[in-house]
Amino acid sequence: MKKVIVVLAGWMLLALTEPAMAHFQMIYTPDMALEKTKTIDLKLVFTHPFEAGHTMDMGKPEQYFVVCKGKKTDLLPTLKPITWTSLTNSGLAYETTFKLRGMGDNVFCLVPSPYYEKEEDCYIQQITKMIVNTVGFPTDWDAEIGLPAEIVPLDKPYALWTGNVFRGIVKGDGKSVPFAEIEVEYINHQPLSDKNAFATKAEVKAPQDAFVTMTIKANENGEFAFGIPKAGWWGFCALGVGPAKEHNGKEMSQDAVIWVQARDMK
Ligand SMILES: [Cu+2]
């Protein structure tokens, strides 16, 4: 009985300190599918996107690069620190611009520095991919970049109608991860690039916490599918699939994140 109470108290404490919403490393630009090449703005923010909740301070990322037509370009020196404002706080984030050239896919990849999560006494490192396409010409969107934790898309993340299915394969150290646990979250507050903040207005209301961070599972081959119910940005995060399980002597969750953007048919 005592044990049950202790466990229950532990759960309640956890519920109080860490609401039922998930951390998501964002790489955000307003438009993933562009009609012509131009210079785009990108924001790198580690936050809770459904509720525009607590924004975590990012450390200097380990890697930030883009892959285009198989060629990798280091973009780490282009990052500038900013402050991103959520509905509850402000956190350290990064911004940058990128001059798109030619037609095709630009796979932006971020390996952030491990984030220390005080409440859980562990580290989180969300290795993130976001793909921008110009002129509809496909090149690299389905490439496996070779990140330690990676979601390889089976559908173009930038060419989804509302109601389409997005599919991917979860990989850890290059191998598919059977039955991986994947968190799915909607950017429910418009990111305001000029203000480095989320809009106060929420697009939708979640009927219950299970709808804020949705949890799905990959199948035995590490593949998953998710039907997209609403236009906008959706994040997929496969938890703890990377090979690094420890950092600074503490537990670490090395996650794989990918973003997709769906559009309404109209
Ligand atoms: Cu969190």
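Residues numbered from 1 in each chain as written. Predicted model: local features only at pLDDT ≥ 70, side-chain atom pairs only at ≥ 80, totals over all residues. Heavy atoms only, no water.

Re unusual backbone geometry
No. 1: The backbone of D173 sits at a positive phi, close to 55 degrees, despite the residue not being glycine.
No. 2: Here D173 falls in the partly exposed class, since its relative accessible area comes to 49%.
No. 3: Located in the positive-phi region is N248, a residue other than glycine, with phi close to 50 degrees.
No. 4: By the secondary structure assignment, N248 is in the loop between β21 (246–247) and β22 (250–263).
No. 5: The exposure class of N248 is exposed, given its relative accessible area of 60%. (Buried < 20%, exposed > 50% of the residue type's maximum accessible area, 1.4 Å probe, protein only. Helix = DSSP H or I, 4+ residues; strand = E, 2+ residues; numbered from the N terminus.)

Details of the packing of aromatic side chains
No. 1: Taken as a whole, this structure holds 14 aromatic pairs when the rule is applied.
No. 2: Judged by centre distance (5.3 Å) and plane angle (75 degrees), the rings of F46 and Y115 are edge-to-face. In this pair, F46 sits in strand β3 (residues 39–47) while Y115 sits in strand β9 (residues 115–117), placing the two residues 69 residues apart along the sequence. Taken as a pair, F46 and Y115 share a single burial class, namely buried.
No. 3: Their ring planes at 20 degrees and their centres at 6.5 Å tell us that Y64 and F108 sit as a pair that is stacked. Of this pair, Y64 sits in strand β4 (residues 63–68) while F108 sits in strand β8 (residues 104–111), and the two are 44 residues apart along the sequence. For the pair Y64 and F108, one class covers both residues: buried.
No. 4: Through pairs of rings, three or more aromatic residues link up here, namely F166, Y186, F224, F226, W234 and F236.
No. 5: Looking at K72, its charged tip hangs above the ring of F65, at a distance of 4.2 Å from the centre. (Phe/Tyr/Trp six-rings, centres within 6.5 Å; stacked < 30°, edge-to-face > 60°. Lys NZ or Arg CZ within 6 Å of the ring centre and 35° of its normal.)

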